[in-house]
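# Summary of the model geometry
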Amino acid sequence: MTDSRRQSYIKYQLFMERTVYRILQKYDLTTTSLIDLSHKGYSGALIYHIKTEDNQFILKGYQPEIEVERILFVHKVMAHVYDHGFTAIPLIYKTTNGETTLTYQDRIWELSSVIQGKEKMDSFTDDDIAKLGSFVGKFHLATQGFSETEAYKRAKRTTSEQIHSEYERLTSLIKHNHGLLMKNGTETKVKEFLDQSDYFLQNVILKTDWDGLQNNIPYSIVHRDLWRANIFFKNDSPSGIIDFLLTRWGSRLDDVGRVIQDFCDLDHSRTKTFLEQYNKIFPLNSAEEDLLVPWMLQGNIFGTFWHIEQYLKQENTRLGKEDNLSQNLELALTIFKNARALNV
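Residues numbered from 1 in each chain as written. Predicted model: local features only at pLDDT ≥ 70, side-chain atom pairs only at ≥ 80, totals over all residues. Heavy atoms only, no water.

## Notes on the packing of aromatic side chains
Tallied over the entire structure, the rule returns 15 aromatic pairs. Centroid distance Phe 86 to Phe 135: 5.1 Å. Interplanar angle 55°. Geometry classified as tilted. Highlighted residues: Phe 86 in the loop between helix H2 (68-83) and strand E4 (102-104) and Phe 135 in helix H3 (residues 126-143), separated in sequence by 49 residues. Neither residue differs from the other here; Phe 86 and Phe 135 are each classed as buried. A ring pair is formed by Phe 193 and Phe 305, whose centres lie 5.3 Å apart and whose planes are at 75°; its orientation type is edge-to-face. Of this pair, Phe 193 sits in helix H5 (residues 186-203) while Phe 305 sits in helix H9 (residues 286-312), placing them 112 residues apart in sequence. For the residue pair Phe 193 and Phe 305, the accessibility class agrees, reading buried in each case. By the ring-pair criterion, three or more aromatic residues cluster together here, those being Tyr 167, Phe 193, Tyr 199, Phe 200, Phe 302, Phe 305 and Phe 336. The ring centre of Phe 233 lies 5.7 Å from the NZ or CZ of Lys 120, which sits over that ring. The cationic tip of Arg 252 hangs over the ring face of Phe 282; the distance from NZ or CZ to the ring centre is 4.1 Å. (Phe/Tyr/Trp six-rings, centres within 6.5 Å; stacked < 30°, edge-to-face > 60°. Helix = DSSP H or I, 4+ residues; strand = E, 2+ residues; numbered from the N terminus. Buried < 20%, exposed > 50% of the residue type's maximum accessible area, 1.4 Å probe, protein only. Lys NZ or Arg CZ within 6 Å of the ring centre and 35° of its normal.)

## Details of the side chain of Glu 288
Structurally, Glu 288 can be placed in helix H9. You can call Glu 288 buried: its relative accessible area is 0%. Here the side chain of Glu 288 touches Arg 252 through a polar contact of 2.8 Å, side chain to side chain. Excluding residues that lie within four positions of it along the chain, Glu 288 makes contacts with Ile 217, Pro 218, Arg 252, Leu 253 and Pro 283. (Polar contact = N/O pair within 3.5 Å; in protein donor to acceptor, adjacent residues only side chain to side chain. Contact = heavy atoms within 4.5 Å.)

## So, the nonpolar core
A general tendency of soluble globular proteins is for nonpolar side chains to be buried together. The biggest cluster of nonpolar side chains holds 71 residues, and the ones touching the most others in it are Phe 193, Phe 274 and Phe 305. Every residue in contact with Phe 193, bar those within four places of it in the chain, is listed here: Asn 300, Ile 301, Thr 304, Phe 305, Ile 308, Leu 329, Ala 332, Leu 333 and Phe 336. If you look at the next biggest cluster of nonpolar residues, it comprises 14 residues, including Met 16, Leu 24, Leu 46 and Phe 57. (Core = buried A, V, L, I, M, F, W, Y, C linked by side-chain atoms within 4.5 Å.)

## A closer look at the sheet that holds strand E8 (residues 231-234)
On the basis of which strands lie adjacent, the open sheet formed by three strands has the order E6-E8-E9 and antiparallel pairing. Looking at which strands have only one partner, the edges of the open sheet turn out to be strand E6 (118-119) and strand E9 (237-241). Where E6 and E8 come together, two bridges link them in antiparallel fashion. In the sheet register, Glu 119 faces E8, and the bridge partner there is Phe 232. Across the face of the sheet, H3 comes into contact with E8 and E9 while running at roughly 35° to E9. (Pairing = 2+ DSSP bridges. Axes fitted to C-alpha atoms, helices over the stretch in contact; angles between N-to-C directions.)

## Re the sheet that holds strand E2 (residues 46-51)
Within a sheet, each strand pairs with its neighbour through backbone hydrogen bonds, oriented either parallel or antiparallel. On the basis of which strands lie adjacent, the open sheet formed by five strands has the order E1-E2-E3-E5-E4 and antiparallel pairing. Unpaired on one side and paired on the other, strand E1 (33-36) and E4 mark the two borders of the sheet. Within the sheet, the average angular offset between the axes of one strand and its neighbour, ignoring direction, is 30°. With four bridges connecting them, E1 and E2 associate as antiparallel partners. Its bridge partner lying in E2, Asp 36 is registered against Tyr 48.

## A few points about the pairing of strand E5 (residues 107-113)
Of all seven residues in E5, seven are buried, a share of seventy percent or more. On E5, burial covers both faces: Arg 107, Trp 109, Leu 111 and Ser 113 on one face and Ile 108, Glu 110 and Ser 112 on the other are all buried. Pairing of strand E3 (residues 56-61) with E5 involves five bridges; the strand directions are antiparallel. Note on E5: the bridge partner recorded for Lys 60 is Glu 110. From the end of E4 to the start of E5, which pair antiparallel, there are two residues, and Gln 105 there has a positive phi angle of about 50°.

## Some details on the pairing of E2
Among the six residues in E2, five count as buried, and that is most of the element. Here E2 runs beside E3; their pairing, made up of six bridges, is antiparallel. Looking at E3, one finds that Lys 51 is bridged to Gln 56. Turn length for the E2-E3 hairpin, with the two strands adjacent in sequence and antiparallel, is four residues.

Structure representation (structure tokens):
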């Protein structure tokens, strides 16, 4: 780092320390330690681990484009879940004016408690998966009773026509950007991914009665981002759920499918273990059971397409990001392989 860049960085850090100090005054707090965690948050979000003499907090400044209505809705959801018995989530603190948010320098800020534990990115045991099933079931049970009229956004119903149309758009995008995928073996993996996607699209997804099944599944508040970085573990047990920004009114299959894909890779044994424990707490109905695998498969396809699309937009072509795309493709192919083992 050059001297000029180092000086600019130091000035920025001092500026942010003053900003944080002014914000904490609104909560009648004085910091004794400040750790910048922005690199762990959403792109553009500012996140700080605050330590005072007798407590710890997370201070988050959302991206300027995030609407205050969305954040207030998230806080309302979190309060509902906490009040209904699921306390393994951050507590949102109020300012001296009694508000859960404050606006400073074009950002909306919130102060929350620290969840004990940390993300567990690999080496999941069957016992981990079983505990996770119960944990997610208890979370979903606590979301019940939240009024749909209070929802910030509602889920859009999935149709075969929408799936087919979006699939055609994305495959066309890839074909027109063939040259950008000829790095680090990505081209070969993309081709295999497209072949597998087409197989499951034609043989499972488009043969699913989306309208009929969706008419018979319950809707409620769902997290929509339950992956490894957002579920903390402590002493080999799930200890908390964080990052509720994508929360909305929808189907819990969004959450159940995401957990099974990300923690179980759709492996038959682990998927069975997760669902057995989940269903002991809050059973899926027959329509949800019939829709779960097609739901996960289309999620795997379009989630991976999203990574490819971002790569092609040059947003992820910085040094090392080609490897990240390759890893996402490998995960998608593993899920397809395990889905075939399920005879779907």
